[in-house]
Amino acid sequence: MVERHKTALTRYELSKPVKSLLEYGLLTSTTSFFDYGCGQGSDVRGLKGLGHEADGWDPVHRPDGQKHHADIVNLGYVLNVIEDPAERVEAVRRAFELTRSVMSVGVMLYGNDITGRPYLDGYRTSRNTFQKYFTQQEFKDYLEQIL
């Protein structure tokens, strides 16, 4: 069995998707933020520390977190670690249902750093985690099809 909980990183700075939301002015002090699949909660803590309204939910690290609507919903690097394609679709749809204005979805793209052995439609890593990689076009088509 794949051990998804091992994929949640401990970060000491905001993730790239959240930094981009701030950089492009989509996430401001007047917008609410919800992190769907927040892992260990680094983005939520970091944004709260900056004075933003931020909350999150994660099935392993924050299962008691309340899922709720927000201006911006982040689904950052969640889809890559879900080995079940139907569950991936469900995650996108549930996150989208909570979104009032912007849904940010970050995924791992194919590159030179792919490790592991083929497993289902992705790769099983040496740490017994799962990684699904996308091309940009594949991911664009994927989201358009689901939503």
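Residues numbered from 1 in each chain as written. Predicted model: local features only at pLDDT ≥ 70, side-chain atom pairs only at ≥ 80, totals over all residues. Heavy atoms only, no water.

J.: Quick one: what's the story with the overall build of the protein chain, residue by residue and with numbers?
T.: Counting secondary structure elements, the protein chain contains four helices and seven strands. Shown N-terminal to C-terminal, the secondary structure of the protein chain runs as helices and strands in the order α-β-α-β-β-α-β-β-β-β-α. Relative to a compact globule of 147 residues, whose C-alpha radius of gyration would be 15 Å, the protein chain shows 15 Å and is just as compact. Seen along its three principal axes, the alpha-carbon backbone of the protein chain occupies a region of about 45 × 30 × 30 Å. (Helix = DSSP H or I, 4+ residues; strand = E, 2+ residues; numbered from the N terminus. Rg over C-alpha atoms; globule rule 2.2 N^0.38 Å.)

J.: Which residues make up the pairing of strand 1 (residues 32–36), and what values do they have?
T.: Taking burial as the measure, the five residues of strand 1 include five buried ones, the bulk of the element. Residue alternation in strand 1 divides its side chains into two sets, Ser32, Phe34 and Tyr36 and Phe33 and Asp35, and both sets are buried. The sheet contact formed by strand 1 and strand 2 (residues 53–57) spans five bridges and is parallel. If you follow Ser32 over to strand 2, its bridge partner there is Glu53. Handedness of the strand 1-helix 2 (residues 42–49)-strand 2 crossover: right-handed. Note: strand 1 against strand 3 (residues 70–76), three bridges, orientation parallel. Paired with Asp35 across the two strands is Asn74, which belongs to strand 3. (Buried < 20%, exposed > 50% of the residue type's maximum accessible area, 1.4 Å probe, protein only. Pairing = 2+ DSSP bridges. Right-handed = clockwise from strand over helix to strand, strands pointing away.)

J.: Now, about the nonpolar core: what can you tell me, with residues and values included?
T.: In summary, soluble globular proteins display a tendency toward joint burial of nonpolar side chains. Of all hydrophobic cores here, the largest spans 21 residues; its most connected members are Tyr36, Leu75, Leu79, Val92, Val105 and Phe139. At the level of secondary structure, the elements contributing two or more residues to this core comprise strand 1, strand 3, helix 3 (85–98), strand 4 (99–106) and helix 4 (136–146). The contacts of Val92, once residues within four sequence positions are left out, are Leu75, Leu79, Met103, Tyr142, Leu143, Ile146 and Leu147. Counting residues in each nonpolar core, the second largest holds ten residues, with Leu21, Leu27, Leu47 and Ala54 among its members. (Core = buried A, V, L, I, M, F, W, Y, C linked by side-chain atoms within 4.5 Å. Contact = heavy atoms within 4.5 Å.)

J.: Run through the environment of Met108, naming residues and quoting values.
T.: With respect to the secondary-structure elements, Met108 resides in the loop between strand 4 and strand 5 (117–119). Look at Met108 and you get partly exposed, because its relative accessible area is 31%. Setting aside anything within four residues of it in sequence, one finds Met108 in contact with Tyr77, Asn80, Gln131, Lys132, Tyr133 and Phe134.

J.: So what about the sheet that holds strand 3? Which residues, and what values?
T.: Sheets are built from strands paired through backbone hydrogen bonds, the pairs being either parallel or antiparallel. Strand order in this open sheet of four strands is 2-1-3-4, and the pairing throughout is parallel. Among the strands making up the open sheet, the edge pair consists of strand 2 and strand 4. The sheet shows a mean angle of 20° between the axes of neighbouring strands, taken without regard to direction. Sheet contacts for helix 2: strand 1, strand 2 and strand 3; angle to strand 2, the most-contacted strand, approximately 165°. (Axes fitted to C-alpha atoms, helices over the stretch in contact; angles between N-to-C directions.)

J.: Residues and numbers for the environment of Tyr119, please.
T.: Along the polypeptide, Tyr119 turns up in strand 5. The partly exposed category is assigned to Tyr119, whose relative accessible area is 27%. Sequence spacing of Tyr119 and His5 is 114 residues, and the spatial spacing of their C-alpha atoms is 18 Å. In this structure, Tyr119 is in contact with Val2, Glu83, Arg124 and Phe130, ignoring residues within four places of it in sequence.

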